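# Structure assessment
Now for the letters of each chain:
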Amino acid sequence: MAKVTKQMALDYHKYPRPGKIEVIPTKPYATQADLALAYSPGVAYPCLEIQEAPEKAYDYTDKGNLVAVISNGTAVLGLGDIGALAGKPVMEGKALLFKIFAGLDCYDIEVDEKDPEKFISIVKALGPTFGGINLEDIKAPECFEIETRLKAEMDIPVMHDDQHGTAIISAAGLLNALEIQGKRIEDVKLVVNGAGAAAVSCTKLYIALGVKKENVVMCDSKGVISDKRTDLNPQKAFFATSRPLSSLAEAMKDADVFLGLSVKDVVTPEMVKSMAPRPIVFALANPDPEIAYEVATSVRPDIIMATGRSDYPNQINNVLGFPYIFRGALDCGATEINETMKIYAVRAIAEIAKLPVPQVVNAAYGRANLKFGREYIIPTPFDPRLLTAVSPAVARGALESGVARRPIGDWAAYDEKLLRLKGNDRKFTRRLNEAARCNPKRVVFAEANTDNMLRAATIAAADGLCIPILLGNEEMIEKRAVRLGLDISGIEIVNLRHDREAARREKYAEKLSEKRQRQGENFESALDKMFDRNYFGMMMVENGDADAFIAGTRAANNKTGIIAREVIGMKDGISHFATMHVLETTKGTYFLADTMINGNADEETLMDITRLTVDAVKFFAHDPVMAMVSYSNFGSNEEPECTKVHKVVERMHEEFPELPIDGEMQINYALNSTVRDKVFPFNKLMGKEVNTLVFPNLSAANAAYRLMLEMGVGESIGPIQMGLKKPVHFINVDADVRDILNLIAVAVLDAAVLDNKC
């Protein structure tokens, strides 16, 4: 986990402009005609339509995609009652999460009002603006009355996430933990420590899923909530037990499940030892749980444990739920978020954990086979399948319970919409970087003596993205760092030409000459090559002294590619390697190949490029929908370049009959499914949106992605190497720092996956 300092956090929120969110127009505004449509006089027409039929607000405004995060700042994170204004950074952060995880627009609204009646009145008055209300950081017990009243008095979804978010995510984990432990939900004895909003909501949801109320014991700071006590509010009184218990220690004896939403270290090892066989402990106090993970698992090897922390297995994180719950609720026009919808969400989240885990998620956890079991009862926050699983489940729950005003009729089309949305707003880049930070690897930088490479390596080290190794002269690199104002203390520098590296140069030369002795390589020639940063750096990876290599190229990288073939070698069954760029655009994520390596590819080279691209797209947890592009359409031109592509498509159809791939086709037909399906109804991509483009030659691919970038269409990740046996990646030394950082994340994940396979 990256270390966060006070200054880093303050700078992040202040620069380059204060705050974390902004408003961006969605319609043209360049001409007077545009402005006349946007405002007066044209705006009057949708106003009158909405006056006549209020539901048309969802057709003509952003209401159906707009959520409000509303708080009075009385229970902000672990900071308590700090006031509405001081809580604004948190609410902006929640708004940002809605956008980046589910594509929902969001305004944060801080209300300086603690009186529940007045607060309710203010929020109700805001109802016409929004499609949904996320109540946030409101203290108990007022939060119960506020949410109950607003749900009853408003006709849009209202949810207090502090209550229900934790409930939904932990309930999904509970269902899976019970299945693994071989226990029935209706039989288990549950102990809850903490009686705030989240604890009450969690326990009620567990009861809705099958836990018997008489098997629940809840404790607060005064001890067991018993029917003998006279100090109970209605929320606590609901859970009062008649059992003769007075302390948490007594309640824990023979309990099957413990849920903690209280304070750190309140649970002792002895309490955990006293629990029933195969116990389940959800210690969710943040940042420090009710009992340390290491302590609980050491005293009970048969335990399943979850916390709220990302550095332990089974993190219960609200971000697994609220963005996708609101997405589904708004998309079907739900009037509320009810118990049925929450239970549908619980079961959808639980099911994801039982599916095969994408390679990028495995890599993030440094595991070869992360799978359903004691240390994986819940998906990770950056699992790309959450949006496409939870949102439809919530919408189906709304339909089932009769609260969907705009029921989704075409579920296949809705799934396609969510798949396209999955690539928006830099989700791909964000998940990539999050995964890499979870399992940083040693990355060698060949051109550490250039400004942007050195900047990127320094940022990557500080951010926990990788463990950089800089190749070059220490004195020169240190002088450059001083000139650039960079702190490179603690970063390893390897001067490959220094006498102290003589033994390593000889070791690498011996290995290379051994490997290539049948290609005319001898020890002397190999030793000469070890003074070349590309040979030396790649040999570090080949020898296991590093995990990945970033080669800085200055123009065409043919020479670097030849070195990679010699040192690293090709994957089995592949004769060529290639590169792919990932482009994140407002329309989604696109994969483009081959963008850097193979000049005028012949049929066999293009076939290898296409096969490699299939695997590369799947590596990033996307299902490839592929178009082989050309200036011809399905055999309309018989020139050699078009015929080459046509033949590769035929071979791909034979080798991968289930893969959605077709061509050759012009780029407009590849990217416009409506026109493509109308003009060429026989195509194998019918009804699907293409996310992967394979070009007939390097000129076309390189020009296409660079043109898109220069025109501001999106952000690029790459070039991503495909086909070499180990993680060696190529990028221009003058590339932007952001581009280099993105490629570092790819290299780290590439190395992590390779580790897991070994």
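Preceding block: the structure.
Notes on the structure follow. Along every chain, residues carry numbers that run from 1 in the direction the sequence is written. Only residues with pLDDT of 70 or above have their local features reported here, since the model is predicted, and side-chain atom pairs are shown and tallied only from 80 upward, although totals for entire chains, interfaces and linings are computed over all residues. In computing side-chain values, all of the structure's heavy atoms are included and hydrogens and water are not.

At least two bridges found by DSSP between two strands are what make those strands a pair. Working definition: helices are DSSP H or I runs of at least four residues, strands are E runs of at least two. Numbering for both runs from the N terminus. Reading across from one edge, E13-E12-E11-E14-E21 is the order of the five strands in this open sheet, with parallel pairing throughout. The open sheet has two free edges, formed respectively by strand E13 (492-494) and strand E21 (728-732), since each of these has just one partner strand. Along the sheet, successive strands turn relative to each other by an average axial angle of 25°, direction set aside. Each of strand E11 (442-445), strand E12 (467-471), E13, strand E14 (548-553) and E21 is contacted by helix H24 (residues 533-543), which is oriented at about 165° to E14, the strand it contacts most. A fitted line through C-alpha atoms represents every axis, and for helices the fit uses only the stretch in contact; the resulting angles, taken between N-to-C directions, go from 0 to 180 degrees. Whether two residues are in contact is decided by their heavy atoms, any of which lying within 4.5 Å being enough.

What follows deals with H24. Only protein chains enter the calculation, and the probe is 1.4 Å; a residue is then buried if its accessible area is under 20% of its type maximum, exposed if over 50%, and partly exposed in between. Most of H24 sits out of view: 10 of its 11 residues are buried. The set of residues buried in H24 consists of Arg533, Asn534, Tyr535, Phe536, Gly537, Met538, Met539, Met540, Val541 and Asn543. The definition of a polar contact used here is a pair of N or O atoms within 3.5 Å, where within protein one atom must be able to donate a hydrogen and the other to accept one, and adjacent residues in sequence count solely through side-chain atom pairs. The N-cap residue of H24 is Asp532: its side-chain oxygen and the backbone nitrogen of Asn534 are 2.7 Å apart. Phi turns positive one or two residues past the end of H24, at Gly544, with a value near 85°.

This next bit is on the packing of aromatic side chains. The rule is short: rings of Phe, Tyr and Trp, with Trp giving its six-membered ring, pair when the centres are within 6.5 Å, and they are stacked under 30 degrees, edge-to-face over 60, tilted in between. Within this structure, the stated rule accounts for 13 aromatic pairs. Aromatic side chains Phe98 and Phe326 sit 5.4 Å apart centroid to centroid with 85° between the ring planes, which places their arrangement in the edge-to-face category. Placement of the pair is Phe98 in helix H5 (residues 88-102) and Phe326 in helix H14 (residues 322-331), with a sequence separation of 228 residues. On the basis of relative accessibility, which here comes to 0%, the residue Phe98 falls in the buried class. Consider the rings of Phe577 and Phe730, whose centres lie 6.0 Å apart with planes at 20°: the pair is stacked. With Phe577 in the loop between helix H25 (558-567) and strand E15 (578-585) and Phe730 in strand E21, the pair connects residues that are 153 residues apart, well separated along the chain. An identical accessibility class is assigned to Phe577 and Phe730; each is buried. A network of ring pairs unites the aromatic residues Phe634, Tyr669, Phe680 and Phe682 as a single cluster. Just above the ring of Phe238 sits the side chain of Lys213; from NZ or CZ to the centre is 3.8 Å. Throughout this description, the term charge over a ring refers to an Arg CZ or Lys NZ atom that lies within 6 Å of the ring centre and within 35 degrees of the ring normal.

The values are spatial; any link to function lies outside them.
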